[in-house]
Amino acid sequence: MTKEDIMAGALKTLREGGTILYPTDTVWGIGCDATNPVAVAKVFEIKKRPDSKSLVLLAANLDMVVKYIKQIPSIAIDLVEVNDSPMTIIYPGAIVGNPDSPTGDRNHLAFNAVAEDGTVGMRIPMMQFCKDLAYKLGRPVVSTSANISGEPTPKRFSEIPAEIKSAVDFVVPPSVDTDSTGKPSQIIKLGLDGEVEIIRK
């Protein structure tokens, strides 16, 4: 497959509410449309993970982040602008869809993609493939490590369990894995009053 074919296949799957296995700027991830609660539920099912745990979402740019957060702490803009390594920011006040809407809507994050306290972790990836994926989809993409919950996080495609590979709807070929570092991102939690908490350096 060409890069264009791979992107088209991944986008088609996301738009149809499916799940993908893809390389990110940190580790290989399981992804779906972050505004579709049915798709998000599939991700939890694949990972055998409690749906009370929150997920990391990848956004194409800061404009996309702003669309899904009620109020962006001003320090977030500075952090994004100066950042030169993968950084996940946990934002307060996610804009969340109605739990009773089975497929959600594009202007709200899926209720099950957000933490119980209304916060959500979002990252603008360093990897161009991921940026393009979110940009062309027009909304954030779920990114959670490609492992069964509780088992080690695979750093490379060859380490991903066959069970995961067969459970997703579309697999991005490992040849696209040019920028993946195999290392987790920094995690920083922000509050509306300027609070900054470093969760992981």
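Relevant structure appears above.
This section reports on the structure supplied with the text. (Residues numbered from 1 in each chain as written. Predicted model: local features only at pLDDT ≥ 70, side-chain atom pairs only at ≥ 80, totals over all residues. Heavy atoms only, no water.)

This next bit is on the overall build of the protein chain. A tally of helices and strands in the protein chain yields six helices and nine strands. Computed over C-alpha atoms, the radius of gyration of the protein chain comes to 16 Å, within 12% of the 17 Å expected from 2.2 N^0.38 for 201 residues, which places it in the range of a compact globule. For the protein chain, the spread of C-alpha atoms along the three principal axes comes to 45 × 40 × 35 Å. A total of 201 residues make up the protein chain; the buried ones form 52% of that total. Counted over contacts in the protein chain with a minimum sequence separation of 6, partners at least 24 positions apart contribute 73%. Of the roughly 9600 Å² that the protein chain leaves accessible, carbon and sulfur atoms contribute 50%. One finds the centroid of the 22 positive side-chain charges in the protein chain at a distance of 4 Å from the centroid of its 25 negative side-chain charges. (Helix = DSSP H or I, 4+ residues; strand = E, 2+ residues; numbered from the N terminus. Rg over C-alpha atoms; globule rule 2.2 N^0.38 Å. Buried < 20%, exposed > 50% of the residue type's maximum accessible area, 1.4 Å probe, protein only. Contact = heavy atoms within 4.5 Å. Areas by Shrake-Rupley, 256 points an atom, 1.4 Å probe, with all protein chains shown as cover. Lys, Arg positive; Asp, Glu negative; His and termini not counted. Charge placed at Lys NZ, Arg CZ, Asp CG, Glu CD.)

Below, the discussion takes up the nonpolar core. By size, the foremost hydrophobic cluster in this structure holds 59 residues, and its most contacted members are Leu 21, Tyr 22, Leu 57, Val 65, Tyr 91 and Leu 133. Ignoring any residue separated from it by four or fewer positions in sequence, one finds Leu 57 in contact with Ala 34, Leu 109, Ala 113, Val 120, Gly 121, Met 122, Arg 123, Pro 140, Val 141 and Val 142. (Core = buried A, V, L, I, M, F, W, Y, C linked by side-chain atoms within 4.5 Å.)

A separate point is the environment of Gly 29. One can find Gly 29 in strand β2 (residues 28-31). Remark: the alpha-carbon pair of Gly 29 and Ser 143, spanning 114 residues in sequence, is separated by 5.3 Å. Every residue in contact with Gly 29, bar those within four places of it in the chain, is listed here: Ile 20, Leu 21, Tyr 22, Thr 24, Thr 144, Ser 145 and Ala 146.

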